[in-house]
Amino acid sequence: MAEGMANETGILLESGTNELELLEFVVGKQHYGINVAKISELCPYQEPTLVPNSHEYIEGIFMPRDRIITVIDLAKALGITPSSDTSQDMYIITNFNRLHTAFHVQQVLGIHRVSWEDIAKPDSTISRNGEGIATGITKINNKIIIVLDFEKIVTEVNPETGLKLSEIEAMGERSRHDCPILLAEDSPLLLEMLKKCLSKAGYTHLIPTTNGLEAWNILDRMMKDGGVVGQDIALVITDIEMPQMDGHHLTKKIKTDPRFNGLPVVIFSSLVNDEMKRKGEALGVDAQLSKPEIGRLVHQLDMLLS
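Residues numbered from 1 in each chain as written. Predicted model: local features only at pLDDT ≥ 70, side-chain atom pairs only at ≥ 80, totals over all residues. Heavy atoms only, no water.

It is worth spelling out the sheet that holds strand β15 (residues 287-290) at this point. Across the sheet, five strands lie side by side as β12-β11-β13-β14-β15; this open sheet has parallel pairing. Each edge of the open sheet carries a strand with a single partner, namely β12 (206-209) and β15. Within the sheet, the average angular offset between the axes of one strand and its neighbour, ignoring direction, is 20 degrees. Direction of pairing for strand β13 (residues 235-238) relative to strand β14 (residues 265-269): parallel, over a ladder of three bridges. The residue bridging Val236 from the neighbouring strand is Val265, located in β14. Strands β11 (181-184), β12, β13 and β14 of the sheet are contacted by helix α5 (residues 188-200), whose axis makes an angle of about 170 degrees with β12. (Pairing = 2+ DSSP bridges. Helix = DSSP H or I, 4+ residues; strand = E, 2+ residues; numbered from the N terminus. Axes fitted to C-alpha atoms, helices over the stretch in contact; angles between N-to-C directions. Contact = heavy atoms within 4.5 Å.)

Let us now look at the sheet that holds strand β3 (residues 39-44). An order of β3-β6-β7-β5-β4 is seen for the five strands of this open sheet, with the pairing classed as mixed. In the strand order of this sheet, the two ends are held by β3 and β4 (58-62), each with one partner. Strand-to-strand twist across the sheet, computed as the mean angle between neighbouring axes with direction ignored, equals 25 degrees. Of the pairings in the sheet, the one linking strand β6 (residues 90-96) to strand β7 (residues 99-105) comprises seven bridges and is antiparallel in character. Bridge pairing links Phe96 to Leu99 in β7. Of the strands in this sheet, β4, β5 (69-73), β6 and β7 touch helix α3 (residues 150-157), which is tilted by about 105 degrees from β7.

This paragraph deals with the packing of aromatic side chains. The final tally for this structure, using the stated rule, is six aromatic pairs. Three or more aromatic residues joined by ring pairs form one cluster here, namely Phe25, Tyr32, Phe103 and Phe150. When the ring centre of Phe96 is taken as origin, the NZ or CZ atom of Lys38, which lies over that ring, is 5.8 Å away. (Phe/Tyr/Trp six-rings, centres within 6.5 Å; stacked < 30°, edge-to-face > 60°. Lys NZ or Arg CZ within 6 Å of the ring centre and 35° of its normal.)

Here we take up the pairing of strand β10 (residues 143-148). Taken together, the three bridges between strand β2 (residues 30-35) and β10 define a ladder with parallel strand orientation. In the sheet register, His31 faces β10, and the bridge partner there is Ile145. Pairing geometry for strand β9 (residues 134-140) and β10, over six bridges, is antiparallel. The residue bridging Lys139 from the neighbouring strand is Ile144, located in β10. Here β9 hands over to β10 after two residues, with Asn141 in that stretch at a positive phi of 50 degrees.

For the rest of this paragraph, the subject is empty space enclosed by the protein. Considering all chains together, one arrives at two cavities of 30 Å³ or more under this definition. In this structure, the largest cavity spans a volume of roughly 140 Å³. Along its surface, the largest cavity is lined by 19 residues, and Lys38, Thr135, Glu151, Asp186 and Glu241 are the ones closest to its centre. When grouped by side-chain class, the residues that make up the lining of the largest cavity number seven nonpolar, four polar and eight charged. (1 Å grid on protein atoms, 1.4 Å probe; cavity = no way out; pocket = protein on both sides within 12 Å on 5 of 7 lines; lining within 4 Å. Points joined across faces, edges and corners; volume = space filled by probe spheres on them. Nonpolar A, V, L, I, M, F, W, Y, C, P; charged D, E, K, R; others polar.)

Pasting the structure below:
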């Protein structure tokens, strides 16, 4: 289990420290990373059962214990030719967006404790028009490690796991709200979908940012320029996983700064599980919702901003 892996390395993360546990693994010859918080367990590779007419990334299914889990061939998703030697191959079984998915990788190397400050945001040459698959880049032991956007891969395989504008359309006609809402979301694809969905729901005064540090700098500058909570900024919606500064650290800075008294913070993340909820509660967050439940997010905004 991922929790056991963390304990073996002595890694115990407190809330709001702006750190993560990064599992390093190999696909082809490149080193990649995934947040341990996304992992439910690691399994040795076993040949999966083929599923006819499935997405090209799907290698098949397998059944550890009594659960059927879809296997995604990460090499194929990344356009990489894997080694023919499968002796060290592993399944990284993830749990986010309320889905269990197995990612087939060539080798798992270990866990590192990393600060989000040391994870750089990919520039536009790597992540053009939101099409890139990297959410961050860092260097550990002289190796470049690319942090992958696993949510985007899963959404490509099954679009139903993404944010759905249809949930908002089903609400019918809604009145327009001019409350300024700041969004902190590092995935360009999800940020655009979030803006579309919230605008359709009537929340049209949106301030988009791509990580917690950018969000904090805007909020800090706003207050230094004489901004007023409720007037110049009414609410913050933040993801958890983000380069430079994560959502928990952003929440901690807002909730411990008297300038932002009364400013609601909502966490909207694929990582909202029991452990993450406890961390969010300890930081004083006002609501925590799991992606892709955009309808529930809008209802929560209606209550907090009424």
